[in-house]
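Listed below are the residues making up each chain.
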Amino acid sequence: LKVYVPVSLMGHISETDRNIGYRVLPSSTAVEGEDFSILAAFVPADKVDGGFVVELSRKNLREGVTLKIDFELIPNENFETNFTTIAKEPQSTETTSMTTFTLFFSDDTITPPLWSAFSAYFGTFSKKKLDILLNIVGVSQDVMYSTYFFTEYWGLCEAWGRLFKRYLTDQA
């Protein structure tokens, strides 16, 4: 499963892509290269927003276990990290980090963000229905857990719905 972690910058845009400096902190419970891989970490040319593409491995996951990746943004040839904290609320002395963040992941099944859009075709969410869609119908996990709904999904939902119904009919 690939996950996109957004990063926004303050300052000037550039005409070239810029790599983001980072390190994985020792407090992480996930192991880089085994539980996850960083596929990219950059801000594209002419943009103020970029991010990390993290590929998560399910190989070592099991129900009820949550792994975490603690990241820290670090200065590099493209970016400084002078703005490290921000007040949690106006007039507050309590701060939060602007350079560290945590990504949690587990094998616990959660309702995909777009299931409400799919529910007209597949009904109320269940782990069994998701398993059928992923393993029998062949729907991509990236699509199911995307936070963006593209208009071409409507036609795909209709086709997936027909395959889903055919599978259930064949099982009866």
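Keep in mind that this is a model prediction, so the values were computed, not measured. (Residues numbered from 1 in each chain as written. Predicted model: local features only at pLDDT ≥ 70, side-chain atom pairs only at ≥ 80, totals over all residues. Heavy atoms only, no water.)

1. Re the sheet that holds strand β5 (residues 49–56)
Remark on secondary structure: sheet strands pair via backbone hydrogen bonds, oriented parallel or antiparallel.
Link 1 in the chain: Pairing is antiparallel across the open sheet formed by 4 strands, whose spatial order is β1-β5-β4-β2. Lying at the two open borders of the sheet, with one neighbouring strand each, are β1 (2–8) and β2 (18–19).
Link 2 in the chain: In the sheet, β1 pairs with β5 via 7 bridges, with the strands oriented antiparallel. Residue Lys2 lies in a different strand from β5, and its bridge partner there is Glu55. (Pairing = 2+ DSSP bridges. Helix = DSSP H or I, 4+ residues; strand = E, 2+ residues; numbered from the N terminus.)

2. Remarks on helix α1 (residues 115–122)
Link 1 in the chain: Listed in full, the buried residues belonging to α1 are Trp115, Ala117, Phe118 and Phe122. Viewed end-on, α1 has its buried residues packed into an arc of 150°, placing them on one side of the element. Counted as exposed and oriented over 90 degrees from the buried face of α1: Ser116 and Ala120.
Link 2 in the chain: Check the buried side of α1 and you find it contacts α2 (127–137), α3 (141–144) and α4 (152–171).
Link 3 in the chain: Immediately beyond the C-terminal end of α1, within one or two residues, lies Gly123, with a positive phi of roughly 80°. (Buried < 20%, exposed > 50% of the residue type's maximum accessible area, 1.4 Å probe, protein only. Arc of directions from axis to C-beta. Contact = heavy atoms within 4.5 Å.)

3. Notes on the sheet that holds strand β6 (residues 66–73)
Link 1 in the chain: Spatially, 3 strands are ordered β3-β6-β9 in an open sheet, and the strand pairing comes out antiparallel. Unpaired on one side and paired on the other, β3 (22–24) and β9 (100–106) mark the two borders of the sheet. Recorded for the sheet is a direction-independent mean angle of 25° between the axes of neighbouring strands. (Axes fitted to C-alpha atoms, helices over the stretch in contact; angles between N-to-C directions.)

4. Comments concerning the environment of Phe105
Link 1 in the chain: Assignment of secondary structure puts Phe105 in strand β9.
Link 2 in the chain: On the basis of relative accessibility, which here comes to 7%, the residue Phe105 falls in the buried class.
Link 3 in the chain: Put simply, Phe105 and Tyr167 are 62 residues apart on the chain and 30 Å apart in space, counted from C-alpha to C-alpha.
Link 4 in the chain: Sequence-distant contacts of Phe105, defined by excluding residues within four places in its chain, comprise Ala30, Asp35, Leu56, Ser57, Leu61, Val65, Thr66, Leu67 and Ile69.

5. Examining the nonpolar core
Link 1 in the chain: Judged by nonpolar contacts, the single largest core of 20 residues is most densely connected at Ile20, Phe52, Val54 and Ile69.
Link 2 in the chain: Within the residue set of this core, elements represented by two or more residues are β1, β4 (36–43), β5, β6 and β9.
Link 3 in the chain: One finds Phe122, Ile132, Val139 and Met144 within the second-largest nonpolar core, a separate group that totals 17 residues. (Core = buried A, V, L, I, M, F, W, Y, C linked by side-chain atoms within 4.5 Å.)

6. Section: the packing of aromatic side chains
Link 1 in the chain: Across all of its chains, the model carries 8 aromatic pairs by this definition.
Link 2 in the chain: Plain terms: the ring middles of Phe52 and Phe71 are 5.3 Å apart, the flat faces sit at 45° to each other, and that makes the pair tilted. Residue Phe52 is found in strand β5, and its partner Phe71 is found in strand β6; the two are separated by 19 residues along the sequence.
Link 3 in the chain: The buried category is assigned to Phe52, whose relative accessible area is 0%.
Link 4 in the chain: A residue is classified by how much of its surface remains accessible, and Phe71, at 0% relative accessible area, is buried.
Link 5 in the chain: Ring plane angle 85° and centroid distance 5.1 Å describe the contact between Trp115 and Phe125, whose orientation is recorded as edge-to-face. With a gap of 10 residues between them, Trp115 in helix α1 and Phe125 in the loop between α1 and α2 connect regions that are remote in the sequence. As far as the burial class goes, Trp115 and Phe125 line up, both buried. (Phe/Tyr/Trp six-rings, centres within 6.5 Å; stacked < 30°, edge-to-face > 60°.)

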